Amino acid sequence: MSGAVAASDDVIARLGATAEIALLRERIATWLEGVDDELREPLAWALGGTPKHFRPVTLFACHRAVHSTPASAAVELAFVVELMHNMSLVVDDVLDESDERRGIATVERKFGRLTALMASGYLVADAFAAVAEDAFAVRHLAELLRRLGAAECLQWRLRRQPLGVEDWRRIAGEDTGSMFEICAVLGARSERLRRYGHLVGVLYHGCDDVGDQRGLEALGGGGDEDIRDGILTLPAALAIRDPRVRERFLADDDDAERLAELGEAFRARLDDAERVLDGVADSARAEAAQFAADPEPLLALVDQVRQLSRR
Amino acid sequence: MVAVGSVVTSAAAFRVGVSWLELWVQRTPPLTRLALTAALGGAEGGTAEATFRDDLIALGGEAVERSYRELRRGVDDFDRFTRRDEEEPGVRPHRPYRVKL
């Protein structure tokens, strides 16, 4: 077992979701056996690597927090969330022209752009087909798809602009936040934990931003690309409060010296970023304590996500 | 139910007020310092102005979030206090006539 897989499984075990994730992996394996021969390999590749499964774990935790039935009853919902999540990763990698994802070549690099885009469509189609009889799930998956699309456009439109931390919150809330929100709603089968899911998503997004700047591999990397593209990450939003950094951030070129200076300025604000993330984590804990019958799985999840920026 | 509704609404309004007060007491001094630094200008003026904007919006956002949380808590309390302990099972048959399938 690789170090990354062991670390990921360790987090899953600490959150008490080992049995459910095993069922989810079985479900994915069974699904892959039945997909079209033409796309089986790229689809298996898209779901391969060392996924951390934070989204299904969130769904299972929210299920346990409000229901007395076993979380295994929610495996089908976790399965469709995983398909949707992987679709978003395949599309992200095409847009970012990324070379690697989870330590292996992206679907686009391995199989080409056409196959990557068709595989992403296949993932969405099968996600909806899997829950076709469940109107609640269909409605929320549709919401997720709409919001992810709009969030991608929002994030791109707002690049290289003199914005602030609250603008970053809006982007994070619609991008990663929407995915975790839907996980919470599907897991609880109600709106009760929607806000909790939203905050965990924002926290995850922020930890990803900070982890990238610390040069961590834990969340997939990508910090250099964000600086190059002028993406408003949390450290960037804090650093561009300084007018001199802001001026450099707004420029649109590949000047290596400018990008290196920006990277340095962003890293200088990591402690401030950690404080912002502590605030988000506290809000998520307050939501869990207030609205879950059993908040323990939700509090444990917040603690695990919070550590991602420091690993 | 009207009495429970009144008590729950008053309690929610009180909690919103207390949480707002707590928030303003915590955040006003640093905001005031930032506003002064921004007003004085100089090398730190620009950074202070941007930080003030961020922190002021964050204060507004958090006030809204706390209010929303307390209001939802009030609705939950109303639901809990007015729910009958045990729902009696309906008298059989639940459907008085068969539905044609």
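Every residue gets a number counted from 1 within its own chain, in the order that chain's sequence is written. Chains and ligands are labelled sequentially in the order written, the chains with letters from A and the ligands with numbers from 1. Thresholds applied to this predicted model are a pLDDT of at least 70 for local features of residues and 80 or more for the giving and counting of side-chain atom pairs; totals over whole chains, interfaces and linings are not thresholded and use all residues.

Draft legend 1. Spatial organisation of the overall build of chain B. Secondary structure elements follow DSSP: runs of H or I no shorter than four residues count as helices, runs of E no shorter than two count as strands, and numbering proceeds from the N terminus. Of regular secondary structure, chain B possesses two helices and zero strands. Split into buried and exposed, the 101 residues of chain B put 9% on the buried side. By definition, residue pairs are in contact when their C-beta atoms, positioned from the backbone, come within 7 Å. For chain B, the share of sequence-separated contacts (at least 6 apart) that also reach a separation of at least 24 residues comes to 68%. Around each residue's C-beta, the other C-beta atoms within 10 Å are counted; 20 or more make the residue buried, 12 or fewer make it exposed, and counts in between make it partly exposed. All C-beta atoms are placed from the backbone.

Draft legend 2. Quick look at the overall build of chain A. For chain A, the count of helices and strands is 17 helices and two strands. Against the compact-globule benchmark of 19 Å for 311 residues, chain A has a radius of gyration of 19 Å, which places it among compact chains. For chain A, the spread of C-alpha atoms along the three principal axes comes to 55 × 50 × 35 Å. Within chain A, the fraction of its 311 residues that count as buried is 47%. Counted over contacts in chain A with a minimum sequence separation of 6, partners at least 24 positions apart contribute 73%. We compute the radius of gyration from the C-alpha atoms alone; for a globule the expected value is 2.2 Å times N to the 0.38, where N is the number of residues.

Draft legend 3. Just the packing of helix 10 (residues 176–188) of chain A against helix 11 (residues 194–213) of chain A, in detail. All names here are of chain A. Lines are fitted to the C-alpha atoms to define the axes, a helix being fitted only along its stretch in contact, and any angle between axes, read from their N-to-C directions, falls within 0 to 180 degrees. Interhelical geometry of helix 10 versus helix 11 gives an angle of 145 degrees and a closest axis separation of 7 Å. Crossing handedness for the pair helix 10 and helix 11: right-handed. Residue-level contacts link T176, G177, S178, M179, F180, E181, C183, A184 and V185 of helix 10 to R194, Y196, G197, H198, V200, G201, V202, Y204 and H205 of helix 11. Nonpolar residues are Ala, Val, Leu, Ile, Met, Phe, Trp, Tyr, Cys and Pro. Charged residues are Asp, Glu, Lys and Arg, and all others, Gly as well, are polar. In the contact of helix 10 with helix 11, the residues fall into nine nonpolar, seven polar and two charged. Crossing chirality is assigned from the near helix's rotation relative to the far helix, an anticlockwise turn below a right angle marking it left-handed and a clockwise turn marking it right-handed.

Draft legend 4. Highlighting the nonpolar core. All names here are of chain A. Formed by 92 residues in total, the largest nonpolar core has its most connected members in V200 and L203. Looking at which element gives the most residues to this core, the answer is helix 5 (residues 75–96), with twelve residues. Residues in contact with L203, not counting those within four places in the same chain, are L277, V280, A281, A284, V305 and R306. Buried Ala, Val, Leu, Ile, Met, Phe, Trp, Tyr and Cys residues whose C-beta atoms connect them within 7 Å together make up a nonpolar core.

Draft legend 5. Quick look at the environment of S283(A). Note that S283(A) resides in helix 16 (residues 270–291). Taking the C-alpha atoms as reference points, S283(A) and P51(A), separated by 232 residues in sequence, lie 27 Å from one another.

Draft legend 6. Representation of helix 4 (residues 54–66) of chain A within the structure. Residues and elements named next belong to chain A. With 13 residues, helix 4 should reach 18 Å at 1.5 Å per residue; the first-to-last C-alpha distance of 19 Å fits that figure. With twelve of 13 residues buried, helix 4 is to be regarded as a mostly interior element. Among the residues of helix 4, those classed as buried are F54, R55, P56, V57, T58, L59, F60, A61, C62, H63, R64 and A65. For a helix, the expected span equals 1.5 Å multiplied by the residue count minus one.

Draft legend 7. Representation of the interface of chain A and chain B. In this assembly, ten residues from chain A lie in contact with twelve residues from chain B. The set of elements that each furnish at least two residues to the side of chain A that touches chain B consists of helix 9 (165–174) and helix 16 of chain A. The leading source of residues in the side of chain A that touches chain B is helix 16 of chain A, at four residues. Along the lines of polarity and charge, the residues of the side of chain A that touches chain B split into three nonpolar, three polar and four charged.

Draft legend 8. Molecular detail of the confidence of the model for chain A. The pLDDT value tells you how sure the predictor is about a given residue, anywhere from 0 up to 100. Confidence in the prediction of chain A, expressed as mean pLDDT, is 91, and 95% of residues score 70 or more. A low-confidence stretch, residues 217–221 of chain A (pLDDT under 50), is modelled with ten contacts involving residues beyond four sequence positions or located in other chains.

Draft legend 9. Broad picture of the environment of D253(A). Tracing the sequence through the fold places D253(A) in the loop between helix 14 (243–250) and helix 15 (256–267). Sequence separation between D253(A) and A116(A) is 137 residues, and the spatial gap between their C-alpha atoms is 29 Å.

Draft legend 10. View of the confidence of the model for chain B. This prediction gives chain B a mean pLDDT of 86; 83% of its residues lie at or above 70. Across the assembled chains, the prediction reports ipTM 0.71 with pTM 0.87.

Draft legend 11. The arrangement of the environment of V165(A) in detail. Residue position: V165(A) is located in helix 9. Classification of V165(A) as buried rests on a count of 24 C-beta atoms within 10 Å. Sequence spacing of V165(A) and A184(A) is 19 residues, and the spatial spacing of their C-alpha atoms is 25 Å. Apart from the residues lying within four places of it in its own chain, the contact partners of V165(A) are A237(A), L238(A), V276(A), D54(B) and A58(B).

Draft legend 12. Local environment of the packing of helix 4 of chain A against helix 10 of chain A. Residue and element names in this part refer to chain A. Relative orientation of the contacting elements helix 4 and helix 10 amounts to 35 degrees, with a least axis distance of 7 Å. In this structure, helix 4 meets helix 10 at a crossing whose hand is right-handed. Of the residues in helix 10, those in contact with R55, T58, L59, F60, A61, C62, H63, A65 and V66 of helix 4 are M179, F180, C183, A184, L186, G187 and A188. Residues of the contact of helix 4 with helix 10, tallied by class, amount to twelve nonpolar, three polar and one charged.

Draft legend 13. Quick peek at helix 3 (residues 37–46) of chain A. Residues and elements named next belong to chain A. Of the positions making up helix 3, those classed as buried are P42, L43, W45 and A46. For helix 3, the angular spread of buried residues about the axis comes to 155 degrees, placing them on one side. Lining the buried residues of helix 3 we find helix 2 (18–34), helix 5, helix 6 (107–111) and helix 7 (113–130). The directions considered for the arc are those from the helix axis to the C-beta atoms.

Draft legend 14. Representation of unusual backbone geometry in the model. Residues and elements named next belong to chain A. Residues other than glycine seldom take positive phi values, yet R102 does so here, at roughly 55 degrees. Here R102 shows up in the loop between strand 1 (100–101) and strand 2 (104–105). Classification of R102 as partly exposed rests on a count of 17 C-beta atoms within 10 Å.

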